[in-house]
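# Secondary and tertiary structure notes
Single-letter residue listing:
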Amino acid sequence: MSLHRFANPARFMRLSAALLPWCSAAAAALIAIGLYLALFVAPPDYQQGEAVRIMFVHVPSAWMASFVYALIAVASAVALIWRHPLADIAAQGAAPLGAGFTLLCLVTGSLWGERMWGTWWVWDARLTSVLVLFFLYLGYLALVNAFDDPGRGARAGAILALVGIVNLPIIKFSVDWWHTLHQPASVFRLGGPTIAAAMLWPLLVMAVGFMLFFFALLMIRMRTTLMAAKIRALRLAEIDRLAAARRPAAAS
Amino acid sequence: MHFLAMGGYAAYVWPAYALTFIVLGGLLAWSLGSYRRHRRELERLQGRDEP
């Protein structure tokens, strides 16, 4: 039992306390600016008209859905290999947020699809693989909480998260590998973005805003988990003290 | 009014933004509520230890 295992969470508490106000303020400012740009400044699409504004919430949600899963998988690998005490806490703190982004991606995409494709849902490669991602999040959350021993739950969840990572390249390349209704990538592609700059900027501002919002919430959730552990330790110490105080009385 | 009509797509654009607000706001309220409850409890326990 070496001291660095405890030093790391303590350092995280200090670091996150310093970062949290800046991260939260930047997230709020960027999302506010992003909303203004998305709703008032970005032009309507020449084919889709105003419906294209759904993109400014759909695409950042979709990017975050995959990014958060990748982060959970990396944290799970770190937890399994090095037993870093913060890795499981980070993965479990991030999972409900990733599930939220995936749900947003699916429902906003469905609203967009109904207008532009004439259907709420199709079982094509992109939509199905994102639905699988949503179920991976739900499965991870269920598995982590399914054991009486939190350590076993965390290990089972970490293994599921690592196995599920094969889904990420399938999501990314589904639009190239299969015929789908979903359009191919127009931002992160070889040869640069094909989307107009007047739409790309609001999209990027929203995406960075979503990213900072995620990290602010992740820090809050990790701090909560560490505080809960401290509360448990303090309560146990108190029980020990009370028991020790009672023992001499019982003996006499 | 013209703005709210979203060129005839109001029934699709606004629910998408409303849902984003509800989901992200819900995650924020849930996480922040739990954070504050734990911080209060921790302060209570540590405050009682000190005297």
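Residues numbered from 1 in each chain as written. Chains lettered and ligands numbered in written order. Predicted model: local features only at pLDDT ≥ 70, side-chain atom pairs only at ≥ 80, totals over all residues.

What follows deals with the overall build of chain A. In terms of regular secondary structure, chain A is built from seven helices and zero strands. Going from N to C terminus, chain A has its helices and strands arranged as α-α-α-α-α-α-α. Rg of the C-alpha trace for chain A: 23 Å, well past the compact-globule value of 18 Å for 252 residues, more than 25% over. Expressed as lengths along the three principal axes of its C-alpha atoms, the size of chain A is roughly 90 × 35 × 30 Å. Buried residues in chain A amount to 37% of all 252 residues. Residue pairs in contact within chain A that sit at least 24 positions apart in sequence constitute 76% of those at least 6 positions apart. (Helix = DSSP H or I, 4+ residues; strand = E, 2+ residues; numbered from the N terminus. Rg over C-alpha atoms; globule rule 2.2 N^0.38 Å. Buried ≥ 20, exposed ≤ 12 C-beta atoms within 10 Å, placed from the backbone. Contact = placed C-beta atoms within 7 Å.)

We now examine the overall build of chain B. Per the secondary structure count, chain B includes two helices and zero strands. Compactness check: chain B gives a C-alpha radius of gyration of 21 Å against a globular reference of 10 Å for 51 residues, more than 25% above the reference. Summarising its shape, the C-alpha atoms of chain B cover approximately 65 × 15 × 5 Å along the three principal directions.

In this assembly, 23 residues from chain B lie in contact with 30 residues from chain A. Class assignment for the residues of the side of chain B that touches chain A results in 16 nonpolar, five polar and two charged. (Nonpolar A, V, L, I, M, F, W, Y, C, P; charged D, E, K, R; others polar.)

So, about the confidence of the model for chain B. Averaged over every residue, the pLDDT of chain B is 87; residues scoring 70 or more account for 90%. For this predicted complex, the interface confidence score (ipTM) comes to 0.89, while the overall pTM stands at 0.90. (pLDDT = per-residue confidence, 0-100.)

Time to look at the packing of helix α4 (residues 125-144) of chain A against helix α6 (residues 167-177) of chain A. Residues and elements named next belong to chain A. Here α4 crosses α6 at 170 degrees, and the two axes come no closer than 8 Å. One finds that α4 runs roughly antiparallel with respect to α6. Contact residues: Ala125, Arg126, Ser129, Val130, Val132, Leu133 and Leu136 in α4; Asn167, Ile170, Ile171, Ser174, Val175 and Trp177 in α6. Of the residues that constitute the contact of α4 with α6, the class distribution is nine nonpolar, three polar and one charged. (Axes fitted to C-alpha atoms, helices over the stretch in contact; angles between N-to-C directions. Parallel < 35°, antiparallel > 145°, perpendicular 65-115°, else oblique.)

The next subject is the environment of arginine 235 of chain A. Along the chain, arginine 235 of chain A falls in helix α7 (residues 197-251). As a C-alpha pair, arginine 235 of chain A and phenylalanine 215 of chain A span 20 residues in sequence and 30 Å in three-dimensional space.

Residue and element names in this part refer to chain A. Taking 1.5 Å of rise per residue, 20 residues should cover 28 Å, and α4 covers 28 Å from first to last C-alpha, within 8% of that figure. Along α4, the positions that sit buried rather than exposed are Ala125, Arg126, Leu127, Ser129, Val130, Leu133, Leu136, Tyr137, Tyr140 and Val144. Structurally, α4 contributes buried residues whose contacts are with α2 (55-82), α3 (85-116), α5 (150-163) and α6. (Expected span 1.5 Å × (residues − 1).)

What follows concerns the confidence of the model for chain A. Averaged over every residue, the pLDDT of chain A is 89; the share at 70 or more is 95%. Considering each helix and strand of chain A separately, the mean pLDDT is smallest for α6 of chain A, with a value of 85, and largest for α2 of chain A, with 95.

Take the nonpolar core next. Ranked by internal contacts, the top residues of the largest apolar core, which has 71 residues, are Ile54, Val68, Ile72 and Ala91 of chain A. Mapped by element, the contributors of at least two residues to this core are α1 (4-41), α2, α3, α4, α5 and α7 of chain A together with α2 (10-49) of chain B. Residues in contact with isoleucine 72 of chain A, not counting those within four places in the same chain, are Ala91, Ala94, Ala95, Gly98 and Ala161 of chain A. (Core = buried A, V, L, I, M, F, W, Y, C linked by C-beta atoms within 7 Å.)

Turning next to the packing of α2 of chain A against α5 of chain A. Residues and elements named next belong to chain A. Where α2 meets α5, the closest approach of the two axes is 8 Å, and the angle between their N-to-C directions is 130 degrees. Viewed along their axes, α2 and α5 adopt a mutual orientation that is oblique. Where α2 crosses over α5, the handedness of that crossing is left-handed. Facing α2, whose interface residues are Ile72, Ala73, Ser76, Ala77, Ala79 and Leu80, α5 presents Ala154, Arg155, Ala158, Ala161 and Leu162. Counted by class, the contact of α2 with α5 contains nine nonpolar, one polar and one charged residues. (Left-handed = near helix turned anticlockwise from the far one by under 90°.)

All names here are of chain B. Looking at where arginine 37 falls in the secondary structure, it is placed in helix α2. The class of arginine 37 is partly exposed, set by 13 C-beta atoms lying within 10 Å. Distance in space between the C-alpha atoms of arginine 37 and alanine 10 is 39 Å, their sequence separation being 27 residues.

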